[in-house]
Amino acid sequence: MSIVDHLTPLFGTWRGTNRLRLMPTDDYQASLATATIGVTAARFVSITYTWADGDAAQDGLLLIGGDATTDGCQAVWVDSWHTGPTWMSFSGGVGDDGELRLLGTYPAESGPDWGWNIHVRPQDATITMHNVVPGNAPYQVVELALEPDDLA
């Protein structure tokens, strides 16, 4: 199955809540969020979204391609707050539970690269992002919980 077919339940315009925390002991900060999800260039799924850091509007794009198998997907991600002037590359796939798990890395100020995982759950329209500090278990940093935007 293609990733387009797998993520079809998410196609459309969404609204919801973005929750962000930097460290696992921090409280989440919530903001209103929107997302538009659909097919791009026939074989890819694009997820464009907005959220806010306090009063500062933010936005991002996740572009996913490949097969909905355990390790058949590739993706690139940009976010005005998280990624700075570059994009991150990911690989991964869909687990038996239907969740798309994308794994990427980014350079740390010193030492080995850190990891960044993005999980897309079409069954409940949720996207989560997890930081992976070397030598520690991943911890959730972002939760984007969506519902159909009936006003769109």
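Quick note: structure is the one above.
Residues numbered from 1 in each chain as written. Predicted model: local features only at pLDDT ≥ 70, side-chain atom pairs only at ≥ 80, totals over all residues. Heavy atoms only, no water.

### Topic: the packing of aromatic side chains
For the structure on display, the rule yields five aromatic pairs. Between Trp77 and Phe90, the aromatic rings sit 6.3 Å apart at their centres with planes inclined by 70 degrees, giving edge-to-face as the arrangement. Highlighted residues: Trp77 in strand β5 (residues 73-79) and Phe90 in strand β6 (residues 88-94), separated in sequence by 13 residues. The burial state of Trp77 is the same as that of Phe90; both residues are buried. With a centroid separation of 6.4 Å and 75 degrees between ring planes, the pair formed by Tyr106 and Trp116 is classed as edge-to-face. You can see Tyr106 sitting in strand β7 (residues 100-106) and its partner Trp116 sitting in strand β8 (residues 114-121), a full 10 residues away along the chain. What makes Tyr106 partly exposed here is its relative accessible area of 23%. Look at Trp116 and you get buried, because its relative accessible area is 6%. Put simply, the rings of Trp77, Phe90, Tyr106, Trp114 and Trp116 pair up and form one aromatic cluster. (Phe/Tyr/Trp six-rings, centres within 6.5 Å; stacked < 30°, edge-to-face > 60°. Helix = DSSP H or I, 4+ residues; strand = E, 2+ residues; numbered from the N terminus. Buried < 20%, exposed > 50% of the residue type's maximum accessible area, 1.4 Å probe, protein only.)

### Some remarks on the pattern of salt bridges
Considering all chains together, one arrives at seven salt bridges under this definition. The residue Arg15 makes a salt bridge to Asp149 at a minimum N-O spacing of 3.8 Å. Remark: Asp149 occurs in the segment after β10 (139-148) and Arg15 occurs in strand β1 (residues 12-20); sequence separation between them is 134 residues. The residue Glu99 makes a salt bridge to Arg101 at a minimum N-O spacing of 3.1 Å. The exposure class of Glu99 is buried, given its relative accessible area of 8%. Connected through shared salt-bridge partners, Asp97, Glu99, Arg101, Arg121 and Asp124 make up one network. (Salt bridge = Lys/Arg side-chain N within 4 Å of Asp/Glu carboxyl O.)

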